[in-house]
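This is what each chain is made of:
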Amino acid sequence: MRTYRFMFPVLLAMTATGSLTAKSSDKGGSGIQFPEVSQVKIEDAFWKPKLDLWQKVTVNDVFDKFEGKHLEHPGKFCNTFENFDRVAKGERNIGQHAGAPWFDGLVYETIRGVADLMARQSDVALEKRVDGYIDRIAKAQASEPNGYIDTYTQLMEADHQWGERGGMLRWQHDVYNAGMLVEAGIHYYNATGKTKLLEVATRCANLMAGYMGAFPKKNVVPAHSGPEEALVKLYIIYKNNPELKKQINVPVAEQDYLKLAEFWIEGRGHHCGFPLWGTWGNPSAEQWIRDRKYEAPEFGNHTRPSWGDYAQDSIPLFEQKTIEGHAVRATLFATGATAAALENHSPEYIAAVSRLWDNMIGKRMFITGGVGAVHFDEKFGPDYFLPTDAYLETCAAVGAGFFSQRMNELTGDAKYMDELERTLYNNVLTGISLSGTQYTYQNPLNSAKHARWSWHDCPCCPPMFLKMMSAMPGFIYSQKGSDVYVNLFVGSETEMTLADRNRVRLTQKTGYPWEGVVTMTVEPEKEKTFILKVRIPGWAQGVENPYGLYRSEVRSAVSLKVNGKSVPLKIFKGYAEIQRKWKKGDQVELILPVQPRLVTANEAVADLQDKVAIAAGPFVYCLEGCDNEGLADLKVDMRSPLSITFEKGLLNGINVIKGQALDKTGKKVPVTAIPYYALGNRQDKGYAVWIPASK
């Protein structure tokens, strides 16, 4: 067991011990392996056109706008990449910086997303464009002897590296940006085999690992999470590829990266105890930090300020019972802790992340998979506070999706994939327009007016969107030993090697999500007995939410066939298990009840009583004002049937649900519902997910 020491306020205690588990096994992880995105070929009527659009149009749109192009009100300093050029030339403290302090991180996140898209489908022109950006980033880092790089801090307050000496890490984002650099370097190497950005990232990671940690190192933890998972990934890539170290012109000590990630995770809640953000208010708390009051002798020699609930820093992780604070930070923190649990196998880590996920899904998640109810601090609200006008940042849904995927990897339970699917098809997918060039930041469930934007003063959501959707192909399948999992229903093909070295090709053909038939072809290299595990979504079994937060009923049962013959559903942890001797050409047919259903909320959710939502398959639907006159006064007629029809010419082709409602006079009127993700692509006349129900 390793022990870290942290300084507490002297009135409480002088030291505390954070528990860590023994060294990771050689294999690491839970034994569940997900393929690289390059190992999954997507041929899907729903997803392939979207992935192609995002790679050809969205990525270039995002890069163009970071370069200051196509902006409504461009200023003199609007080209984010020029920040790197100024730093490379040795400019410091010039008082001018294009964009907010976290724009370095957004650039790196975009590069990560682009890398995964290019791993799926090569793009010479796009790769050349990114290589040019990487050259500029590397030159900027080379201007600092120790490898530090953060353009905001260097150009605006160079004496405050890592937010120290009167700086404000919660604002500067130095550690967050560095973490996103690490992720970009790893993903770009995986996609292209090029090591230049990975070398920049490793040099920066070495600097952090040498500077931050248990005393006598500095007690610096990220005020914005994300770097935790990045450092775990850096540890893994070098652990699994020792030859890669020879290609990197900097020292590599992979255990230091895992140790630093664990320090950051376990360091939450270990600080001087001040400022008291909730009591003092943000201005006073920030001034207290700027005045360096946390350096007072009574706080000891390994001190730092508290970042508060906002940054999951009020109490240590192992004491946290509920998921709190800024929803993006919270979900990325939980994702990083889960990634670390996959390596250190700590029961305390596993129990902590399980508690946070259960609380998020069971009491704080919105029906679209969104999280973060409150505008102030962009944070989680209390249990069962799920108002229809909630904040629901796109980035927070992305973080929640990554958290759910990591929990599936940790446990092998399909309920986590159920919630990833909910998030993907709803709150995340609505974050981009059908054109691929307009975006959303907030995603309330009901809104009288909610227009998309072409760019934003804080354009964090497009890069996060690209990170999630480019990673999605890698979540479709997984395996553990000789067990093969089908997690998501996407027309695709992959090949995997089982524990006995037998190779298996697995293919899906499906009209999902519009249709419920999924045909899987299993082609083992040699006839072999193994288990195929096919996820049966909770919604298809009448379990809208694993903890009863939402409820619905489906009229048809799930059916499963092997080579045309029905087989009984043997479900374990949400997966139908089919064990047999598989041979080439064996086919499995899954039929899911993709039909309209009405969803209601738990009685504890005061804001949603006497309201219903419409869903079908993985989609949540909404009524848009441009289809439904007098939307604000409509009540769903609970006794009228709902019908579903695919309309090829509407919104790039969607399933439309039609039913009846009562208008303000009590007269029955027809209503039309479209998938939530497709809203805001026509006239902006408002929409509603939750609609009053007629009695």
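Nothing here was measured: the structure is a model prediction, and the numbers come from that model.

Enquirer: Quick question: what am I supposed to make of the packing of helix 4 (residues 124-142) against helix 8 (residues 196-211) here?
Expert: When two helices pack together, their arrangement is given by the angle between their axes and by how far apart the axes lie. Where helix 4 meets helix 8, the closest approach of the two axes is 10 Å, and the angle between their N-to-C directions is 30°. Our classification of the angle between helix 4 and helix 8 gives roughly parallel. For helix 4 against helix 8, the interelement crossing comes out left-handed. On helix 8, the residues that touch Ile-134, Asp-135, Ile-137, Ala-138 and Gln-141 of helix 4 are Lys-196, Leu-197, Val-200, Arg-203 and Cys-204. In terms of residue class, the contact of helix 4 with helix 8 is made up of six nonpolar, one polar and three charged.

Enquirer: Any chance you could explain the layout of surface pockets here in plain terms?
Expert: Here the idea is plain: a probe the size of a water molecule rolls over the atoms and shows the empty space left. In this model, the second largest pocket occupies a volume close to 490 Å³. Trp-102, Tyr-310, His-326, Arg-329 and Glu-378 are, among the 25 residues lining the second largest pocket, the residues nearest its centre. Within the residue set of the lining of the second largest pocket, elements represented by two or more residues are helix 3 (103-120), helix 6 (169-172), helix 12 (282-290) and helix 13 (327-344).

Enquirer: What's the story with the sheet that holds strand 15 (residues 571-572) in this structure? I'm lost.
Expert: Sheet strands line up and pair through hydrogen bonds in the backbone, either parallel or antiparallel. Pairing within the open sheet is mixed, and its six strands lie in the order 3-6-7-11-16-15. Each having just a single partner strand, strand 3 (32-33) and strand 15 make up the two edges of the open sheet. Pairing between strand 11 (residues 528-535) and strand 16 (residues 575-582): eight bridges, direction antiparallel. When the bridges of strand 16 are listed, Lys-528 appears paired with Trp-582.

Enquirer: Honestly, the nonpolar core in this entry has me stumped. Any pointers?
Expert: Of all hydrophobic cores here, the largest spans 228 residues; its most connected members are Leu-231, Leu-234, Met-360, Tyr-550, Leu-590 and Trp-690. No other element matches the 11 residues that helix 13 contributes to this core.

Enquirer: Before we go on, may I ask you to explain the packing of aromatic side chains in this structure?
Expert: Aromatic ring pairs are reported here in terms of the distance separating the ring centres and the angle at which the planes meet. According to the stated counting rule, one finds 41 aromatic pairs in the structure shown. Here the aromatic rings of Phe-81 and Tyr-133 are separated by 3.8 Å at their centres, their planes lie at 5°, and the arrangement is stacked. With a gap of 52 residues between them, Phe-81 in helix 2 (residues 80-88) and Tyr-133 in helix 4 connect regions that are remote in the sequence. Using a relative accessible area of 1% as the deciding quantity, one classes Phe-81 as buried. According to the relative accessible area criterion, Tyr-133 is buried, its value standing at 3%. Considering the side-chain rings of Phe-402 and Phe-475, the 6.4 Å spacing of their centres and the 85° angle between planes classify their relative orientation as edge-to-face. A residue pair is termed long-range when its members are at least 10 positions apart, and Phe-402 in helix 15 (residues 394-411) and Phe-475 in the loop between helix 17 (461-471) and strand 6 (477-480) qualify at 73 residues. The class of Phe-402 is buried, set by a relative accessible area of 7%. Using a relative accessible area of 8% as the deciding quantity, one classes Phe-475 as buried. In textbook terms, an aromatic cluster arises when at least three aromatic residues are bridged by ring pairs, as seen for Phe-46, Trp-47, Trp-54, Tyr-425, Phe-465, Phe-489, Tyr-512, Trp-514, Phe-619, Phe-646 and Tyr-677. Here the basic side chain of Lys-50 rests over the ring of Phe-46, its NZ or CZ set 3.8 Å away from the ring centre.

Enquirer: Just to check I follow, could you spell out the side chain of Asn-443 for this structure?
Expert: Mapped onto the elements, Asn-443 comes out in the loop between helix 16 (414-428) and strand 5 (446-447). What makes Asn-443 buried here is its relative accessible area of 2%. Here the side chain of Asn-443 touches Leu-392 through a polar contact of 3.0 Å, landing on its backbone oxygen.

Enquirer: How do you make sense of the pairing of strand 9 (residues 503-510) when you look at a structure like this?
Expert: Residues in a regular strand project their side chains so that they alternate between the two faces of the sheet. Note: strand 8 (residues 492-497) against strand 9, six bridges, orientation antiparallel. Opposite Glu-493, over in strand 9, you have Thr-507 as the bridge partner. Pairing between strand 9 and strand 10 (residues 517-524): seven bridges, direction antiparallel. In the strand pairing of strand 10, Lys-509 is matched with Thr-519.

Enquirer: Whenever I open this one, unusual backbone geometry confuses me. Can you help?
Expert: Apart from glycine, the bulk of residues carry a negative phi angle, and the bulk of peptide bonds sit in the trans form. Following Phe-215, the chain continues into Pro-216 via a peptide bond in cis, with omega recorded as 15°. Of note, the bond from Tyr-512 into Pro-513 is cis; its omega dihedral lies within 30 degrees of zero at 10°. Within the fold, Pro-513 resides in the loop between strand 9 and strand 10. The residue Leu-651 is not glycine, and still its phi comes out positive at about 50°. Within the element layout of this structure, Leu-651 appears in the loop between strand 22 (643-647) and strand 23 (654-662). Here Leu-651 falls in the buried class, since its relative accessible area comes to 10%.

Enquirer: Just checking my understanding: could you explain the pattern of salt bridges for this structure?
Expert: For side chains bearing opposite charge, pairing can occur when the charged atoms are close. Enumeration over the complete set of coordinates arrives at 48 salt bridges. The partner of Arg-203 in a salt bridge is Glu-199, with the nearest N and O atoms 3.3 Å apart. Of this pair, Arg-203 and Glu-199 both sit in helix 8, four residues apart, roughly one helical turn. Given the relative accessible area of 27%, Arg-203 is considered partly exposed. A relative accessible area of 15% places Glu-199 in the buried class.

Reading guide: rules and limits
Residues numbered from 1 in each chain as written. Predicted model: local features only at pLDDT ≥ 70, side-chain atom pairs only at ≥ 80, totals over all residues. Heavy atoms only, no water. Axes fitted to C-alpha atoms, helices over the stretch in contact; angles between N-to-C directions. Helix = DSSP H or I, 4+ residues; strand = E, 2+ residues; numbered from the N terminus. Parallel < 35°, antiparallel > 145°, perpendicular 65-115°, else oblique. Left-handed = near helix turned anticlockwise from the far one by under 90°. Contact = heavy atoms within 4.5 Å. Nonpolar A, V, L, I, M, F, W, Y, C, P; charged D, E, K, R; others polar. 1 Å grid on protein atoms, 1.4 Å probe; cavity = no way out; pocket = protein on both sides within 12 Å on 5 of 7 lines; lining within 4 Å. Points joined across faces, edges and corners; volume = space filled by probe spheres on them. Pairing = 2+ DSSP bridges. Core = buried A, V, L, I, M, F, W, Y, C linked by side-chain atoms within 4.5 Å. Buried < 20%, exposed > 50% of the residue type's maximum accessible area, 1.4 Å probe, protein only. Phe/Tyr/Trp six-rings, centres within 6.5 Å; stacked < 30°, edge-to-face > 60°. Lys NZ or Arg CZ within 6 Å of the ring centre and 35° of its normal. Polar contact = N/O pair within 3.5 Å; in protein donor to acceptor, adjacent residues only side chain to side chain. Salt bridge = Lys/Arg side-chain N within 4 Å of Asp/Glu carboxyl O.

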